[in-house]
Amino acid sequence: MQNQVSLEPVEYLAIGHVAHDLTPSGPRLGGTVAYAALTAHALGKKVGVVTAKGRETSLDSLDGIPSIAIESPHSTTFVNTYTAEGRLQFLRARAERIEFERVPPAWRNAAILHLGPIANELDPVMPPGFSPSLLGITPQGWMRQWDSNGRVSPRAWEEAEPALQQAGAVVISREDVQGNHEMIERLAHQTHILVVTEGPDGCILHWHGDRRRFRAPEVNEVDATGAGDVFAAAFFIRFQATHDPWEAARFATLIAAQSVTRPGLEGIPTQLEIESCLMEVLH
């Protein structure tokens, strides 16, 4: 079943599971679509979300963003631990798959369609009937696997090419590919624009055979969870507005750097931060 929401057209549509993140301070809402939708909302976009979750997860934190939530026995549940060697992640439960037919017709021509899987919960290729101006993909949910204990690890995304060719822009993290430079180059050759985020080091943008690094400012990192999703939403929106991927990468790098200075969804950019990062264009 789907909850009843206003089905007026939206400008930014995010599809994927929300996460039920188990933290030392208790469960909290997470997942790519949660961070991306709230970032898009902060950037002034009319946003819609299509997701799946269990009753244990509330979407109240989505600030009134219209959401279609497919009822599931459980939400997709993660336990994340950050160590000196990187993130240790376990998948404890997984919500129902999301079929594209669940997306209401009024939302299928959103200016930006963001596919943000976290646990291989949707098909990577957009079917006929969808006509976004920009298809943005954050494919981490197709680039991970988990063992019988739920331990999450990277995997090769074997079926990537059709999705990469269809996408207008793709954002991955270096962690998604375990720093494999050959894999990054291969992905870059298969899609229009590829951005590889590198945490506190910023990002590298691949476009038309060229690549450019964007350094992140030094900040006091409190919580890096969701920073890549904040980056992706900021990048897609700025790119769609300017048609300039270099400018979009610069803007998104600054926005994402600010997001890690606060825990969880508190890292969604403020209006002051957005205005400050936009003003950098003048320098």
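Residues numbered from 1 in each chain as written. Predicted model: local features only at pLDDT ≥ 70, side-chain atom pairs only at ≥ 80, totals over all residues. Heavy atoms only, no water.

1. Describing the sheet that holds strand β13 (residues 193–197)
Strand-to-strand pairing in sheets goes through backbone hydrogen bonds, with the strands running parallel or antiparallel. The strand order across the open sheet formed by nine strands is β5-β4-β1-β8-β9-β12-β13-β14-β15, and the pairing between neighbours is mixed. Taken across any chain shown, the strands that pair with only one partner, and hence form the sheet edges, are β5 (67–71) and β15 (210–214). Direction aside, neighbouring strands of the sheet carry axes that sit 15° apart on average. In this structure, strand β12 (residues 169–173) lies alongside β13, joined through four bridges in parallel fashion. When the sheet's bridge partners are listed, Val 170 is paired in β13 with Leu 194. Packing against the sheet, helix α1 (residues 32–42) makes contact with β1 (12–15), β4 (47–53) and β8 (112–115), and its axis sits at approximately 165° to β4. Running at roughly 165° to strand β14 (residues 203–207), helix α5 (residues 245–259) makes contact with β13, β14 and β15 of the sheet. (Pairing = 2+ DSSP bridges. Helix = DSSP H or I, 4+ residues; strand = E, 2+ residues; numbered from the N terminus. Axes fitted to C-alpha atoms, helices over the stretch in contact; angles between N-to-C directions. Contact = heavy atoms within 4.5 Å.)

2. Regarding helix α4 (residues 227–242)
Taking 1.5 Å as the rise per residue, α4 with 16 residues should run 22 Å; its terminal C-alpha atoms sit 22 Å apart, in good agreement. The element α4 is extensively covered by neighbouring structure, given that twelve of its 16 residues are classed as buried. All buried positions along α4 are accounted for by Ala 227, Asp 229, Val 230, Phe 231, Ala 232, Ala 233, Ala 234, Phe 235, Phe 236, Ile 237, Arg 238 and Phe 239. Backbone geometry just after α4 places His 243 at a positive phi near 60°. (Expected span 1.5 Å × (residues − 1). Buried < 20%, exposed > 50% of the residue type's maximum accessible area, 1.4 Å probe, protein only.)

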